[in-house]
Amino acid sequence: SSAASDVYKRQICYSGADAASFQRMLDIAIKNHPDATIWVKTHPEVTSNIKKGHLSGVLVHDNVRLLTDLMNPIALLKQMDEVYVVCSHMGFEALMLGKKVHCFGVPWYSGWGLTDDTHAALYILNGRRNVSRSLTQLITAAYFNYARYVNPITEKRCEIEDIIHILIEQKKWNDLLRGRVALVGFSPWKRRFIKDFLKLPSVDLRFFKSFKAVVSEDFDHLVVWGSADIPNTLDHNAKKFWRMEDGFVRSVGLGAFLIRPVSIVLDDVGIYYDSTCASRLDHLLSHIHLSSIKCHEAQLLICLLYTSDA
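Residues numbered from 1 in each chain as written. Predicted model: local features only at pLDDT ≥ 70, side-chain atom pairs only at ≥ 80, totals over all residues. Heavy atoms only, no water.

Undergrad: Can you break down the overall build of the protein residue by residue, with the values?
TA: Along the backbone of the protein there are 11 helices and 11 strands. The burial tally for the protein puts 34% of its 310 residues in the buried class. Relative to all contacts within the protein whose residues are 6 or more apart in sequence, the contacts with residues 24 or more apart total 44%. When the accessible area of the protein is evaluated, it comes to approximately 20,200 Å², of which 56% is carbon and sulfur surface. (Helix = DSSP H or I, 4+ residues; strand = E, 2+ residues; numbered from the N terminus. Buried < 20%, exposed > 50% of the residue type's maximum accessible area, 1.4 Å probe, protein only. Contact = heavy atoms within 4.5 Å. Areas by Shrake-Rupley, 256 points an atom, 1.4 Å probe, with all protein chains shown as cover.)

Undergrad: Describe the pattern of salt bridges, with residues and values.
TA: Side chains carrying opposite charge are able to pair once their charged atoms draw close together. Counted under the stated rule, the structure contains 9 salt bridges. Residue Lys172 pairs with Glu169 through a salt bridge whose shortest N-O separation is 3.1 Å. Of this pair, Lys172 and Glu169 both sit in helix α7 (residues 160-176), separated by 3 residues, roughly a single helical turn. Via salt bridges that share partners, Lys171, Asp175 and Arg178 belong to a single interconnected network. (Salt bridge = Lys/Arg side-chain N within 4 Å of Asp/Glu carboxyl O.)

Undergrad: Which residues make up the state of the cysteines, and what values go with them?
TA: Tallying each qualifying case throughout the model produces 0 disulfides. The closest cysteine sulfur to the non-disulfide-bonded Cys103 is located on Cys87, 9.3 Å from its own sulfur. Judged by relative accessible area, which is 1%, Cys103 ranks as buried. (Disulfide = S-S within 2.5 Å.)

Undergrad: How would you explain α7 if you had to name every residue and give the values?
TA: The periodicity of an α-helix, 3.6 residues per turn, causes residues three or four positions apart to be oriented the same way. Look at α7: 24 Å from first C-alpha to last across 17 residues, which is about the 24 Å you get at 1.5 Å a residue. Among all positions of α7, only Ile160, Ile163, Ile166 and Asn174 are buried. Across the axial projection of α7, the buried residues extend over an arc of 120 degrees, all falling on one side. Next to the buried residues of α7 lie α6 (135-146), β5 (149-150), β6 (157-158) and β8 (203-208). (Expected span 1.5 Å × (residues − 1). Arc of directions from axis to C-beta.)

Undergrad: Before we move on, could you go through the packing of aromatic side chains and cite the residues and values that matter?
TA: Counted according to the given criterion, the structure contains 12 aromatic pairs. Judged by centre distance (6.1 Å) and plane angle (90 degrees), the rings of Phe186 and Trp225 are edge-to-face. Taken as a pair, Phe186 in the loop between β7 (179-184) and α8 (188-198) and Trp225 in strand β9 (residues 221-225) lie far apart in primary sequence, 39 residues in all. Here the two residues Phe186 and Trp225 agree in accessibility, since each one is buried. For the ring pair Phe248 and Tyr272, a centre distance of 4.7 Å and an interplane angle of 55 degrees mean the geometry is tilted. Residue Phe248 is located in the loop between β10 (240-246) and β11 (264-267), and its partner Tyr272 is located in the loop between β11 and α10 (280-287); the two are separated by 24 residues in the primary sequence. Three or more aromatic residues link up through ring pairs in this structure, and these residues are Phe92, Trp108, Tyr109 and Tyr143. Here the guanidinium or amino end of Lys240 rests over the ring plane of Trp242, the centre of that ring lying 5.4 Å away. (Phe/Tyr/Trp six-rings, centres within 6.5 Å; stacked < 30°, edge-to-face > 60°. Lys NZ or Arg CZ within 6 Å of the ring centre and 35° of its normal.)

Undergrad: Please set out the sheet that holds β11 residue by residue, giving values where relevant.
TA: Taken in spatial order, the 5 strands line up as β8-β7-β9-β10-β11 in an open sheet, and their pairing is mixed. Sheet topology places β8 and β11 at the edges, where each strand pairs with a single neighbour. Neighbour-to-neighbour, the strand axes of this sheet turn through a mean angle of 25 degrees, independent of strand direction. In the packing of α8 onto the sheet, the strands contacted are β7, β8, β9, β10 and β11, and the crossing angle to β8 comes to about 165 degrees. (Pairing = 2+ DSSP bridges. Axes fitted to C-alpha atoms, helices over the stretch in contact; angles between N-to-C directions.)

Undergrad: Describe in detail the nonpolar core, supporting the description with residues and values.
TA: In terms of nonpolar packing, the biggest core is built from 18 residues, with Leu183, Phe186, Ile194, Leu198, Val223 and Met244 touching the most fellow members. If you list the elements that add at least two residues to this core, you get β7, α8, β8, β9, β10 and β11. Counting residues in each nonpolar core, the second largest holds 15 residues, with Ile28, Ala29, Ile30 and Val64 among its members. (Core = buried A, V, L, I, M, F, W, Y, C linked by side-chain atoms within 4.5 Å.)

Undergrad: Summarise unusual backbone geometry; cite the residues concerned and give the values.
TA: In this structure, Asn126 takes a positive phi of about 55 degrees despite not being glycine. In this structure, Glu155 is a non-glycine residue whose phi angle is positive, near 60 degrees. Checked against the element boundaries, Glu155 lands in the loop between β5 and β6. Using a relative accessible area of 66% as the deciding quantity, one classes Glu155 as exposed.

Undergrad: I'd like to hear about the pairing of β7, residue by residue, with values.
TA: Of all 6 residues in β7, 5 are buried; the element is thus mostly enclosed. The pairing of β7 with β8 spans 6 bridges and is classified as parallel. Bridging across to β8, Gly179 finds its partner in Val203. Across 4 bridges, β7 lies against β9 in parallel orientation. Within the sheet, the bridge partner assigned to Val184 lies in β9 and is Val224.

See the structure below:
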């Protein structure tokens, strides 16, 4: 945590700011908006005591509120009228949302004519940013030309669109499985790889050897492997119930040799190989409508599956 705190201090220093810049920023925001509620969002690592914040005493002001909960920055910024930052990247996200942004440090996106830099130490730039740039130009330079992206699954270079697609899927499952998740009857070797599939920021995984141990527990989701029978004594109807199985991308060896699968499915209706009852796959196939993009992706997947040496 000490190393993280040192990096945080250097970031502030390199932006031409210091600890006093935060209090000055708050004072000016209060002065500029005497009738507004001022929301102060602390950094997640400050809330976790990894870093030391600079606005811990802000609640002495009647119109100031402190936000310490983890939340989506974009969702938060959408509710604000103006945004004040020292060097936080949230300032650039606010620009993308069309908000007026006041900078009290010199982050990478300031000094280009898009931010209010009245209180920023622009002199440290030595005139390097002496032209105005549009938001589109900043996004193109930073997100496309400057940054490099690596697919965490393939560990190969990829484009930003691929990363965003992965993030969207991760967020979808994070929201679907939010809360305490009870997994019953999973062997030790399965527990190891299941964590890689299901351990998400808002998901608290709890493994149980038997259904009996689950009855007295408070949980939001129950996950079992395959078509395991659920005891009638367990009122799982009051909770979200899922069945898990190997997916459709084949693995070599599988459970017989304790080989982890490369794909799994989670079904909240039934399971795909049990035709005696409905499954989520049945529902999807009954209502599916393919766009031209999805058709193209399906054709590419077929080619990949039949030509891969993996």
